[in-house]
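# Coordinate inspection notes
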Amino acid sequence: MTDHCFTCGSRRQFLSQALGIVAGIARPVREAIAVASGSERRYPVPAADGVTIDRGAQVVLVRHQMRAYAFALACPHQNTALKWLPKDGRFQCPKHDSRYQPDGAFVSGHATRSMDRFAIRKESDALVVDVARWVQSDREPADWAAARVDL
Ligand code: FES
């Protein structure tokens, strides 16, 4: 796992601006309500497959085929806020069109790795995401693959 500071200025500022664009495009995306404790965020386990965005933490929470994932909203290529295309069932970057599967796996485009995953675990009826710990698929492939919850 890589320690990461999501409070660093330029990336957070850029994504905050870009989130306004995402909100208008991805209507079927649910808005997350999280309980924060330090770097951790607690979310209710989604009852069905879908995509939920926590704008404050810049986390994309996905339930897909009995697994849950927490992704960084930023595209791994140049940090553009990714969008979910519900009709196509995948993520796409609006800047250079990189495409990703619902589990964050890279499909095509300018990016050179899959979507970055946050550490995630299940506690009772909640998913706990640590936004200070995230992994990149190309640097830590085993940790990236393990950063999920089987439901
Ligand atoms: S910023 Fe996403 S593909 Fe370039």
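Everything quoted here is computed from the prediction, not taken from an experiment.

## Quick notes on the overall build of the protein
- Within the protein one finds two helices and 14 strands.
- Counting across all 151 residues of the protein, residues that qualify as buried make up 46%.
- Pairs at least 24 apart in sequence give 49% of the contacts found in the protein among residues at least 6 apart.
- Within the structure as shown, the protein displays about 7500 Å² of accessible surface, and the carbon and sulfur contribution to it stands at 50%.

## Considering the packing of aromatic side chains
- Within the structure shown, the criterion is met by four aromatic pairs.
- Between Y69 and F71, the aromatic rings sit 5.8 Å apart at their centres with planes inclined by 15°, giving stacked as the arrangement. In this structure, Y69 and F71 share a single accessibility class: buried.
- Taking the centre distance of 6.1 Å and the plane angle of 65° together, the rings of Y100 and F106 count as edge-to-face.

## Considering the environment of A111
- Its place among the elements puts A111 in the loop between β11 (106-108) and β12 (117-123).
- C-alpha separation for the pair A111 and H77, spaced 34 residues apart in sequence, amounts to 4.6 Å.
- Filtering out sequence-adjacent residues up to four positions away, A111 remains in contact with H77, S98, Y100 and F106.

## Things to note about the confidence of the model for the protein
- For the protein, per-residue confidence averages 84 on the pLDDT scale, and residues scoring 70 or more make up 79% of the total.
- pLDDT under 50 marks residues 2-27. Its contacts with residues more than four places away, or in other chains, come to 43 contacts.

## Section: the nonpolar core
- If you look at the biggest cluster of nonpolar residues, it comprises 16 residues, and the most contacted ones within it are V60, V62, F91 and Y100.
- Elements with a minimum of two residues in this core: β5 (50-54), β6 (59-64) and β7 (67-72).
- Residues within four places of V60 in sequence aside, it is in contact with V51, T52, I53, Y69, A70, F71, L73 and F91.
- In terms of nonpolar packing, the next biggest core, distinct from the first, is built from 14 residues, Y43, L61, L127 and V149 among them.

The rules behind these values
Residues numbered from 1 in each chain as written. Predicted model: local features only at pLDDT ≥ 70, side-chain atom pairs only at ≥ 80, totals over all residues. Heavy atoms only, no water. Helix = DSSP H or I, 4+ residues; strand = E, 2+ residues; numbered from the N terminus. Buried < 20%, exposed > 50% of the residue type's maximum accessible area, 1.4 Å probe, protein only. Contact = heavy atoms within 4.5 Å. Areas by Shrake-Rupley, 256 points an atom, 1.4 Å probe, with all protein chains shown as cover. Phe/Tyr/Trp six-rings, centres within 6.5 Å; stacked < 30°, edge-to-face > 60°. pLDDT = per-residue confidence, 0-100. Core = buried A, V, L, I, M, F, W, Y, C linked by side-chain atoms within 4.5 Å.

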